[in-house]
Amino acid sequence: MKIRFGYGMFLTIAFSLAGVVAAGAQSGAAGEQSNPLDVESASTAHVATADAPAATVPAASAPVGAPIDNGARPGDSHVRIVRLSDVKGTLSLDRKTGNGFEATMSNMPIIEGEKLRTAEGYAEIEFEDNSTLRVAPHSLVEFPLLALRSSGAKASTIQVVRGMVYVNLQSTKGNEFVLRAGDQTVTVSPSTHMRMTVDNGQTVVSVFNGNVEVVHGSATTMVTKKETLTLGGDQVVVAKKIEEEPYDAWDKDANDYHARYSQANAMVAGGSTYGLSDLNYYGNFINGGAFGSFWQPYLIGAGWSPYGNGLWALYPGAGYSWVSPYPWGWLPYHSGTWSFFPGYGWGWQPGGTFNGLNNVAGVAGFAGGPVGPSVHSPLRAATPQAPTVGGSSLVLANSTPMVMSKEERPGNFVFQQNSAGLGVPRGSLGSLNKISNQVGQRGSASMPVYAASFSSGMMPSSRGAVSGPVTLRAGAPMQGGNPGFASPSGAGSFGGASASPAASHSMAAPSASGSAGGGAHGGSSSK
């Protein structure tokens, strides 16, 4: 599989009278037109149980109309949402709106009963306990169960209809995580890292770390660290090795990113904190003196607004949910409060309850001083009316022009004021703090970059495609085992830039250009 530049988010969603059109080859918001004759959708059975909403399972696994056990229990709550945390290339989500598969983007909530389909794209789903499910290209996964047990445990069941997925469970003790493929059930133990492939009637389960229990027919097989189980027809084979796949390095890189940046901040203590990795990478907490501490994204000026860009996504039975395009745009839009701090700009203060799909609260307005904020007209675009039958369930809500940081020409990445991290690949271009300071002073800053595969850390100078996804890295490709940091004209040079996004982010400041931007960041941080 060869995918060019799966870096960052490029949000270009245009609306026409016919519905939603998603564009952009390097898009973090891409979709496929819904097909009323979708064979895949028609081949699934939607069967309700007495205790839970309808479960979606392959029709071949049970007679139509038969009760399907999706793992739900009496007393379960089914109001959980999980986060589509990273989106690259072309993929789409069926949100049960009646429109089939529609365009999607990072930070789109996923609820029970939905389906995610990747084409020439790949995605990451983040759960409340910071566990992740990663979906490789040409895959279809469904979410028949996202429940909260009466005991407080979270139960997640993912049906892998086809393709390849990676699972990395973090602090999941007490929670339940199950993968299914047809009538095969894979129960994943806490702290397990694994890969599962479903293709042409064959299921392959590879365990990098931890262990899983696989039930197939009347048999149960335990698969442990560095083992691979292959199921096909009547064959059951366990091998003491794991074959490498092109997307293994992307999965490992993403795990490294979360391990580095998911540490809880004292300002965001308790409650639901998934999305914390992106908060820590794309911004920091600032000591605002009389205003107290608050979080701000990097690469913004005083004129930036947290609700200037985004869209409304309809969820039947719940109404419209606000979806932010920014790579960090999950936790600050589902909890806490946004306020405008004079001299600093807009900032977010955590606290309060977690808002699920109904995330329309939490804008305080102007912070007038130590006496606290005084509310004024809300920033957020008005909630749209329900769409007409057959109309789009996504409504664009851009009140300001969208600004994006991007590679403006091969080898030169430009960080733009007020992009707030939009377009910046996570983790691979080093620390954003110094870069943000430069952008705040001059309006933009450039950095020499090169396209690199996740697996090799380099790409030929011809910029030809490589196997698996690629990202942008600071400097120049590895040459003879040593990193050479070529500096395109006007781009400046870097010392100590690493080919690994999980490596140290000690870097010299990039060159800067453009007019003064009046940045909101003063470089202070409480982290």
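In what follows, the structure referred to is the one given above.
What comes next concerns the included structure. (Residues numbered from 1 in each chain as written. Predicted model: local features only at pLDDT ≥ 70, side-chain atom pairs only at ≥ 80, totals over all residues. Heavy atoms only, no water.)

Its identity is not glycine, yet Asn130 carries a phi of approximately 75°, on the positive side. Among the secondary structure elements, Asn130 is positioned in the loop between strand S10 (115–126) and strand S11 (132–135). You can call Asn130 partly exposed: its relative accessible area is 24%. Despite not being glycine, His138 shows a phi value in the positive range, around 55°. Assignment of secondary structure puts His138 in the loop between S11 and strand S12 (140–148). (Helix = DSSP H or I, 4+ residues; strand = E, 2+ residues; numbered from the N terminus. Buried < 20%, exposed > 50% of the residue type's maximum accessible area, 1.4 Å probe, protein only.)

Take helix H2 (residues 248–261) next. Between its first and last C-alpha, H2 extends 20 Å over 14 residues, near the 20 Å set by a 1.5 Å rise per residue. Judged by how many residues are buried, H2 sits mostly within the fold: 10 of 14 residues are covered. Three or more residues of H2 are buried, namely Asp248, Ala249, Trp250, Asp251, Asp253, Ala254, Asn255, Tyr257, His258 and Tyr261. (Expected span 1.5 Å × (residues − 1).)

Let's shift gears to empty space enclosed by the protein. For the structure shown, the criterion picks out 3 cavities of 30 Å³ or more. Of the voids in this model, the second largest cavity is the one considered here, and its volume is about 70 Å³. Arg80, Phe127, Glu128, Asp129, Ser131, Lys154, Ser156, Leu169, Thr172, Asn175, Glu176 and Phe177 together form the lining of the second largest cavity. Counting residues per element, the ones that place at least two in the lining of the second largest cavity are strand S13 (154–168) and strand S14 (176–181). Among the residues making up the lining of the second largest cavity, the classes are represented as 3 nonpolar, 4 polar and 5 charged. (1 Å grid on protein atoms, 1.4 Å probe; cavity = no way out; pocket = protein on both sides within 12 Å on 5 of 7 lines; lining within 4 Å. Points joined across faces, edges and corners; volume = space filled by probe spheres on them. Nonpolar A, V, L, I, M, F, W, Y, C, P; charged D, E, K, R; others polar.)

A few words on the packing of aromatic side chains. Think of a pair of aromatic rings as described by two things: how far the centres are apart, and how the planes are tilted against each other in angle. The final tally for this structure, using the stated rule, is 28 aromatic pairs. For the pair Tyr122 and Tyr247, a centre-to-centre distance of 5.6 Å together with 65° between the ring planes defines the contact as edge-to-face. Taken as a pair, Tyr122 in strand S10 and Tyr247 in the loop between strand S21 (235–239) and H2 lie far apart in primary sequence, 125 residues in all. Note on accessibility: Tyr122 and Tyr247 belong to one class, buried. Taken together, the ring pairs connect Trp295, Trp304, Tyr307, Trp312, Trp322, Tyr326, Trp328, Tyr333 and Trp338 into an aromatic cluster. For the cation-ring pair, Arg117 lies above Phe101, with the distance from its terminal atom to the ring centre recorded as 3.9 Å. (Phe/Tyr/Trp six-rings, centres within 6.5 Å; stacked < 30°, edge-to-face > 60°. Lys NZ or Arg CZ within 6 Å of the ring centre and 35° of its normal.)

On to the nonpolar core. Membership of the largest hydrophobic core comes to 48 residues, with the highest contact counts inside it found for Met108, Leu116, Ile125 and Leu179. If one sorts the elements of this core by residue count, strand S6 (residues 82–94) sits on top with 5 residues. Not counting chain neighbours up to four residues away, the residues in contact with Leu179 comprise Ile158, Val160, Val165, Val167, Gln184, Thr185, Val186, Met194 and Met196. Leu299, Trp328, Ala397 and Val449 belong to the second largest nonpolar core, which has 42 residues in total. (Core = buried A, V, L, I, M, F, W, Y, C linked by side-chain atoms within 4.5 Å. Contact = heavy atoms within 4.5 Å.)

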